[in-house]
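Architecture and fold: a report
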Amino acid sequence: MKTRILSTTENDIAEAAGIIQQGGLVAFPTETVYGLGADALNAEAVAKVYEAKGRPSDNPMIVHIARASDIGQLTPMLSEDIVNLIDNFWPGPLTMVLKKKAGVPDRTTGGLDTVAVRMPDSEAALELIREADCPIAAPSANISGRPSPTRAGDVIADMNGRIDAVIQGDDCRVGIESTVLDMTGDTPVILRPGIITAEDIEAVLKKEVKYDEALLKDKQGEDGDIRPKAPGMKYKHYAPKADMVVIEGQRDKVKAEIERLKGLNERLGSKVGVILFEEKAFVEAAHDFFAKLRDLDNEEVDLILAGALSDFDGVGFAVMNRMLKSAGYNIVKV
Ligand code: TXA
Ligand code: MG
């Protein structure tokens, strides 16, 4: 299949929208990461997304809409809390898991009776959805298991020849995927941490927000055997081609250990890449993390040494969730 490279001009977005309407696949920029889109209400089109990504079919997709009023075709009832969250965070990197309407294909939701919905904060994405005139199901536009793509070039590296088109836009502003929040029970539960934190949500809802138990295991730096509520969180994820180790501890010690391990391994002929963010620069770390992994892969390093962030809360927690997974929970404590 020849993959068309499109821009964010009106003409090109109209063309991309036509591809979606005909059941094709288009990768497009969002503020978080690039998505691989298909008509969410067309089961055959959605099936092609799983194929192009090599994604397990029980892993449900996030459905993207361009107007809050489009949510009615996906879910039967909105609570005051849900409306509050929409008013405060949309468009933006908050995905809500809601009860699904019968019209949403099982293919889209991995057979669950819930549907994950978000309104992205990217003009190109919003225009594409409006032009296609249907909700767009879109997982991150990477081969399953690889780091999420935050730049058009990363998408093309993974998806060229596998999908109909890529809309080439700017690098993604946020850099990690949206916060996934389960709103089907009385207490909101974070299934995947993101740049919108539990605290941000609590400030709006004036009630406690919990974390899925499988995530709390992450906090302790362990690969838990608790089954996560977001099916996607259980797979091997974000893995670079190189071996990767996370070094965790007090910052000076982390730096020293990275230097020590780097010297040791380079002396033995290994090509070593280092990921060490500025202290407390959590938002920057979120923005750069996946791009760094892909750059180091392109440099063909053998080993990646990554310094753990000093904070396992809020945005720091969201980044650490990705870092630990990409290293396969390979941790050195100093
Ligand atoms: O920022 C993002 O969310 C990006 C951009 C493209 O919007 N999308 C994204 O999609 O990260 P994906 O497919 O890579 O991750 C979706 C996550 C998975 O962990 C999936 O299991 C979970 O959301 N999910 C989707 N629908 C769900 C549902 N009904 N119940 C529980 N978890 C769900
Ligand atoms: Mg993904």
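Residues numbered from 1 in each chain as written. Chains lettered and ligands numbered in written order. Predicted model: local features only at pLDDT ≥ 70, side-chain atom pairs only at ≥ 80, totals over all residues. Heavy atoms only, no water.

A few words now on helix H9 (residues 251–267). Every α-helical turn comprises 3.6 residues, leaving residues that sit three or four positions apart pointing alike. Here H9 is 17 residues long and its end C-alpha atoms lie 24 Å apart, about the 24 Å a rise of 1.5 Å per residue gives. Within H9, the full set of buried residues consists of Val-254, Glu-257, Ile-258 and Leu-261. In a view along the axis of H9, the buried residues occupy a sector of 105 degrees, so they form one face of it. Of the exposed residues in H9, those oriented more than 90 degrees away from the buried face are Asp-252, Glu-259 and Arg-267. Looking at the residues trailing H9, positive phi occurs at Gly-269, about 90 degrees. (Helix = DSSP H or I, 4+ residues; strand = E, 2+ residues; numbered from the N terminus. Expected span 1.5 Å × (residues − 1). Buried < 20%, exposed > 50% of the residue type's maximum accessible area, 1.4 Å probe, protein only. Arc of directions from axis to C-beta.)

Attention now moves to a negative patch on the surface. A surface patch of like charges, here negative, comprises Asp-252, Glu-278, Glu-279 and Glu-284. You can see Asp-252 is positioned in helix H9. Its relative accessible area of 54% is what places Asp-252 among the exposed residues. (Patch = residues over 30% accessible without salt bridge, like charges linked within 9 Å, V, L, I, M, F, W, Y side chains within 5 Å. Areas by Shrake-Rupley, 256 points an atom, 1.4 Å probe, with all protein chains shown as cover. Salt bridge = Lys/Arg side-chain N within 4 Å of Asp/Glu carboxyl O. Lys, Arg positive; Asp, Glu negative; His and termini not counted. Charge placed at Lys NZ, Arg CZ, Asp CG, Glu CD.)

Let's shift gears to the packing of helix H10 (residues 282–298) against helix H11 (residues 314–326). When two helices pack together, their arrangement is captured by the angle between the axes and the distance separating the axes. It is at 8 Å that the axes of H10 and H11 come closest, and there the two elements cross at 20 degrees. Between H10 and H11, the interaxial angle falls into the category roughly parallel. Relative to H11, H10 is oriented so that their crossing is left-handed. Judged by residue contacts, Phe-282, Val-283, Ala-285, Ala-286, Phe-289, Phe-290 and Leu-293 of H10 engage Val-315, Gly-316, Val-319, Arg-322, Met-323 and Ser-326 from H11. (Axes fitted to C-alpha atoms, helices over the stretch in contact; angles between N-to-C directions. Parallel < 35°, antiparallel > 145°, perpendicular 65-115°, else oblique. Left-handed = near helix turned anticlockwise from the far one by under 90°. Contact = heavy atoms within 4.5 Å.)

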